[in-house]
Amino acid sequence: MDTVIVKGSEMANVIKAKLKEEVNDLFPKPQLAILLVGDDEESRRYVRLKEKAVDEIGGQCRAINLPENTTLVELLGQIRELNADPHTHGILVQLPLPGPLATEQETVLSSLSVVKDVDGFHPFNRGKLFSTPPFLVSCAALACMDIITMYRNPRGLLTVLVGDSFDLVQPLALLLMARGSRVCIIPEAHEWEEVAARADVLVVEKGRPLMVKADYLKPGALVIDAGFHWEAGRVCGNVDPMSVTGKAGWLVPVPGGIGPLLIAKLLENLLTAYREQVFAADDW
């Protein structure tokens, strides 16, 4: 069987080209504010990727780097200022938060303006997933849905999700159920093999590096690797691409899979937030 390697970067480039055309005709330009607390190098790298992506479509991005010892009161004060700023159309807080702030994550996410919450993490936006249509949805879940619906009709398919995250697995499960998919969630990567072997679609977020082998797959399955590990001096995911190639129908690998597409979906959310604020204001 020939396995199709799904290149998220190519899908992302199509989305960004379309958004760039739209932004070219907009004034003011969509502006994203990114709040980064501390100096974690991996978080800083993600922020730089998001800044670059916003610039590529002609938008504006403001990265605000707060010190590691920022208090909850100080962080919430900064968010209030951005919520009230009419020139800021999207706000995201780069996760994970450091130190004591990590335990206050829900408080921080709940303080974001619902219409500026471009990550889709505000409890209201997460709750809207239970209704139709949702408003701003997690970028990781949207990226996976784009891939799944491009290659398969989810209705009636068994989709197995290995993981339990609030930013991918939980919203993706609701999106898939709304499309008629039979969804099985395995919160931890224990005793997942038997269920995975029956999956039409397999999304693996948790587990060991390269743990998913061909023996654990249904022939022709769509496999999305959502893991991230540093193994033997290189980046890899939870799926062994050498093993599953020839058994999977489609493979979204790490690296080069959902990462670039996730950022493209962030840009789409920024435009959704922009339209809600600017165009709705014009109606008044």
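Just so you know, these numbers come straight off a predicted model, no measurement behind them.

The next subject is the nonpolar core. Counting residues in hydrophobic clusters, the biggest one holds 54 residues, and the most contacted among them are Leu32, Ile147, Leu172 and Ile224. Residue contributions to this core peak at eleven residues, all from helix α10 (residues 258–283). Discounting residues that sit within four places of it in the chain, Leu172 has contacts with Ala141, Cys144, Met145, Leu161 and Val203. Of all hydrophobic cores here, the second largest spans 20 residues; its members include Ala189, Val195, Leu202 and Leu217.

Another aspect to go through is the pattern of salt bridges. The tally for this structure, following the rule as stated, stands at 13 salt bridges. Across the pair Lys16 and Glu56 runs a salt bridge whose closest N-O atoms are separated by 2.9 Å. One end of the pair, Lys16, is in helix α1 (residues 8–24); the other, Glu56, is in helix α2 (residues 41–56), and 40 residues separate them in sequence. Classification of Glu56 as partly exposed rests on a relative accessible area of 33%. The closest approach of N and O atoms between Glu194 and Arg198, which form a salt bridge, is 3.0 Å. Overlapping salt bridges bring together Asp146, Lys265 and Glu268 as one network.

Let's shift gears to α2. If you check α2, its first and last C-alpha atoms are 23 Å apart, about what 16 residues at 1.5 Å a residue would give, namely 22 Å. Along α2, the residues classified as buried are Ser43, Val47, Lys50, Ala53 and Val54. For α2, the arc enclosing every buried residue in end-on projection is 125°, short of the 170-degree limit, so these residues lie on one face. Structural note: α2 exposes Lys52 and Asp55 on the side pointing more than 90 degrees away from its buried face. For α2, the capping residue at the N-terminal end is Asp40, with a side-chain oxygen 3.3 Å from the backbone nitrogen of Glu42. Phi turns positive, to about 90°, at Gly58, one or two residues after α2.

Our focus in this paragraph is the environment of His122. Summarising the element assignment, His122 is placed in the loop between α4 (105–110) and α5 (123–127). A sequence separation of 52 residues divides His122 from Thr70, and the C-alpha atoms of the two residues are 21 Å apart. Discounting residues that sit within four places of it in the chain, His122 has contacts with Leu109, Ser110, Leu112, Val114 and Asp117. There is a polar contact of 3.0 Å between the side chain of His122 and the backbone oxygen of Ser110. Here the side chain of His122 touches Phe124 through a polar contact of 2.9 Å, landing on its backbone nitrogen.

Going residue by residue along strand β7 (residues 201–204), you find Val201 and Val203 tucked away on one face and Leu202 and Val204 tucked away on the opposite face as well. For strand β5 (residues 158–162) and β7, the ladder comprises four bridges, and the chain directions are parallel. Within the sheet, the bridge partner assigned to Leu161 lies in β7 and is Val203. Bridging between β7 and strand β8 (residues 222–225) involves four bridges; their strand directions are parallel. The residue of β8 that forms the bridge with Leu202 is Val223.

Here we take up the packing of helix α6 (residues 139–151) against helix α7 (residues 169–178). Interaxial distance between α6 and α7 falls to 9 Å at its minimum, and their mutual angle equals 40°. Taken as axis vectors, α6 and α7 run oblique relative to one another. For the pair α6 and α7, the sense of crossing is right-handed. Side by side, α6 and α7 meet where Ala141, Cys144, Met145 and Ile148 of the first sit next to Pro171, Leu172, Leu175 and Leu176 of the second. Tallied by class, residues from the contact of α6 with α7 come to eight nonpolar, no polar and no charged.

Attention shifts here to α7. In terms of burial, α7 is largely enclosed, as seven of its ten residues are buried. Inspection of α7 places Val169, Pro171, Leu172, Ala173, Leu174, Leu175 and Leu176 among the buried residues, and these make up the whole buried set. Considering only its buried residues, α7 is in contact with α6, β5, β6 (182–186) and β7. Just downstream of α7, Gly180 is the residue with a positive phi angle, here 90°.

About the criteria used
- Residues numbered from 1 in each chain as written.
- Predicted model: local features only at pLDDT ≥ 70, side-chain atom pairs only at ≥ 80, totals over all residues.
- Heavy atoms only, no water.
- Core = buried A, V, L, I, M, F, W, Y, C linked by side-chain atoms within 4.5 Å.
- Buried < 20%, exposed > 50% of the residue type's maximum accessible area, 1.4 Å probe, protein only.
- Helix = DSSP H or I, 4+ residues; strand = E, 2+ residues; numbered from the N terminus.
- Contact = heavy atoms within 4.5 Å.
- Salt bridge = Lys/Arg side-chain N within 4 Å of Asp/Glu carboxyl O.
- Expected span 1.5 Å × (residues − 1).
- Arc of directions from axis to C-beta.
- Polar contact = N/O pair within 3.5 Å; in protein donor to acceptor, adjacent residues only side chain to side chain.
- Pairing = 2+ DSSP bridges.
- Axes fitted to C-alpha atoms, helices over the stretch in contact; angles between N-to-C directions.
- Parallel < 35°, antiparallel > 145°, perpendicular 65-115°, else oblique.
- Left-handed = near helix turned anticlockwise from the far one by under 90°.
- Nonpolar A, V, L, I, M, F, W, Y, C, P; charged D, E, K, R; others polar.

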